[in-house]
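Architecture at a glance
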Amino acid sequence: MMDISKSDPVVIVGGGAFGLSTALHLSRAGFHNVTVLEKDTQIPPRSSAANDLNKIVRAEYEDPFYTDLTIKAIAAWKTSVFAPHFHQTGFLHCVSGAAPDKARATLDRFQASAEQHPAMRPHVVRLDGKAAITEHVWQLQSGTLEGWRGYLNRYDGYAHSADALVAVHREASARGVRFLLGEEGDVGGIIYEDGGPAGRVAVGVRTRSGRVHKARLVVVAAGASVAKLIPELASRVVAKAWSVAHVQLTDDEASALRGMPVTYARDLGFFFEPDPKTKLLKFCPMGAGYVNTDKTSGVSLPPQSLEESGFMPADDEDKVRTLLDHTLPWARDRPLVNPALCWIADTSGSDYTIDYVPKTGSSVIVMTGDSGHGFKMFPIAGSWVTDLLEAGAEQPIARWRWKSAPRDGASGDWGADVSWRLGETKEFRDVKPPGAKL
Ligand SMILES: Cc1cc2nc3c(=O)[nH]c(=O)nc-3n(C[C@H](O)[C@H](O)[C@H](O)COP(=O)(O)OP(=O)(O)OC[C@H]3O[C@@H](n4cnc5c(N)ncnc54)[C@H](O)[C@@H]3O)c2cc1C
Ligand SMILES: *[C@@H]1O[C@H](CO)[C@@H](O)[C@H](O)[C@H]1NC(C)=O
């Protein structure tokens, strides 16, 4: 255990997925002076990538490390605080007949991961063609499912992410965690003092309104904006966005799709069981995402205002319409509602970074690099911080250590090598609709 006592003040910057989970785990571990600072005025924060109806919780990965971690997370999703928000509806994972080879190869690796793992194997069925698919997922019978093949994994499902954030906020508050929201929670910077030859030591944070919050430990869980607080990360963590949009269903339409699995065509995108409360059917088109590179600094950060991200790029909309055509053609021409680009912290290998910031005397921990697959870990992410405190000065999990090697280019094909991404990453300014609010 590093030199920190349970009564020392701990400040968590960010009330999104990683920050809230950390607040819960620290309070469960006995820390009793924990404060979460969140710049939005509400939980779920509108600026959190997890402020959303639903996120996929699937355990198969091309990399067994994250498979095993998700299996732990799914067990935790079934415990009291989380269980109401986890829905084990299954995951229908396919390629369409028009999918490029890269998408097919990726699907095959995911399928092998699911079929080989002892926990998942009994829940996996191979499906080739419309007849086989609709035998298990009758809700898609009106679709063409042209050339679709893949598998259904009943071990997986989805989580209602906004509701889960609210539940953990409530639970952490009940356990005595303090929450400062809005102006009072908008952190402008970490305050350091000279730490002698070893470097510097954080003594707290300063809000933009000028207030100082003292801390023995600062945990930075600022999502896509992390490089604003820890500029050294700007060369390795890139703010990147994917788009979402919804189709409004009637009560009967939503009821008819009840219980359907998350449906994912690797080359087109995915959608979820309709939200029972709002009857919204949520879509995410597949692609390599968008970056917002500052031409001078070469650094990608989310745009200043949320309103700027309130649209879906035209190519993405085309993919959603094609996906609907293949699956639920009766909804193909419906208006898309609540479109948005949603910003995450991306790294070149899709690995998280959960570590002390070097030369801070173990006074700052950063949780970043969620790379778009962090929400499924919501019930356990905070335990990585308590584990790190137990471990002492070095992160024992090598892949989560702070990395010093900078990435090659400032923009362009960043992340294109990641096997599961299709197409080219584009610049936000190139897809923003003309006349969009600045
Ligand atoms: C379109 C889309 C689809 C996704 N689908 C999935 C999925 O299917 N499955 C899955 O597992 N994951 C999914 N994700 C990823 C998931 O949402 C993220 O991995 C997760 O939200 C990351 O958590 P975080 O805490 O790092 O960041 P966030 O949840 O974004 O939270 C960061 C918080 O920090 C706050 N903040 C930032 N700077 C400051 C500051 N200076 N002061 C105070 N507060 C600050 C922000 O307001 C925000 O609330 C998806 C993401 C996107 C964009
Ligand atoms: C928490 O820590 C702060 C900063 O040191 C201190 O001012 C405050 O009194 C502490 N609160 C509790 C309940 O110990």
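Residues numbered from 1 in each chain as written. Chains lettered and ligands numbered in written order. Predicted model: local features only at pLDDT ≥ 70, side-chain atom pairs only at ≥ 80, totals over all residues. Heavy atoms only, no water.

Looking at an unreviewed UniProt entry, the chain carries the name FAD dependent oxidoreductase domain-containing protein, with the source organism given as Purpureocillium lilacinum. Word for word, the UniProt comment on the chain under Sequence similarities (unreviewed entry) is "Belongs to the MSOX/MTOX family." Its UniProt record gives the chain the following Cofactor (unreviewed entry) comment, quoted word for word: "FAD". (UniProt positions renumbered as here; feature names shortened; annotations may be inferred.)

1. Remarks on the site of ligand 2
By nearness alone, every residue bordering ligand 2 is listed as P9, N33 and K214. Measuring from an oxygen atom of ligand 2, one finds a side-chain N or O atom of N33 at 2.3 Å. A total of 360 Å² of accessible area belongs to ligand 2 in isolation, and the protein chains cover 34% of it. (Near = heavy atom within 4 Å. Polar contact = N/O pair within 3.5 Å; in protein donor to acceptor, adjacent residues only side chain to side chain. Areas by Shrake-Rupley, 256 points an atom, 1.4 Å probe, with all protein chains shown as cover.)

2. With respect to the packing of aromatic side chains
The final tally for this structure, using the stated rule, is 22 aromatic pairs. Relative to Y352, the ring of F18 lies with its centre 5.9 Å away and its plane at 75 degrees, an arrangement referred to as edge-to-face. A residue pair is termed long-range when its members are at least 10 positions apart, and F18 in helix α1 (residues 17–28) and Y352 in the loop between β19 (337–346) and β20 (353–356) qualify at 334 residues. Take F18 and Y352: they sit in the same class, and that class is buried. Measuring from centroid to centroid gives 5.5 Å for F65 and W400, while their planes differ by 85 degrees, and the two rings are edge-to-face. Highlighted residues: F65 in helix α2 (residues 64–77) and W400 in the loop between α9 (381–391) and β22 (426–427), separated in sequence by 335 residues. A relative accessible area of 1% means that W400 is categorised as buried. Chaining the aromatic ring pairs together yields one cluster made of F18, Y61, F65, Y66, Y352, W384 and W400. Lying over the aromatic face of Y61, R58 brings its terminal NZ or CZ to 4.5 Å of the ring centre. (Phe/Tyr/Trp six-rings, centres within 6.5 Å; stacked < 30°, edge-to-face > 60°. Helix = DSSP H or I, 4+ residues; strand = E, 2+ residues; numbered from the N terminus. Buried < 20%, exposed > 50% of the residue type's maximum accessible area, 1.4 Å probe, protein only. Lys NZ or Arg CZ within 6 Å of the ring centre and 35° of its normal.)

3. Some details on the sheet that holds strand β2 (residues 34–38)
One open sheet holds the six strands; their spatial order is β9-β2-β1-β13-β21-β20, and the pairing between them is mixed. Strand pairing shows two members of the sheet lacking a second neighbour, β9 (178–181) and β20, which therefore form its edges. Put simply, the sheet's adjacent strands are angled 15 degrees from each other on average, direction ignored. One ladder, built from four bridges, connects strand β1 (residues 10–13) with strand β13 (residues 217–220); its direction is parallel. Residue pairing across strands places V13 opposite V220, the latter belonging to β13. Running over the sheet, α1 touches β1, β2, β9, β13 and β21 (364–368) and is turned about 160 degrees from β1. (Pairing = 2+ DSSP bridges. Axes fitted to C-alpha atoms, helices over the stretch in contact; angles between N-to-C directions. Contact = heavy atoms within 4.5 Å.)

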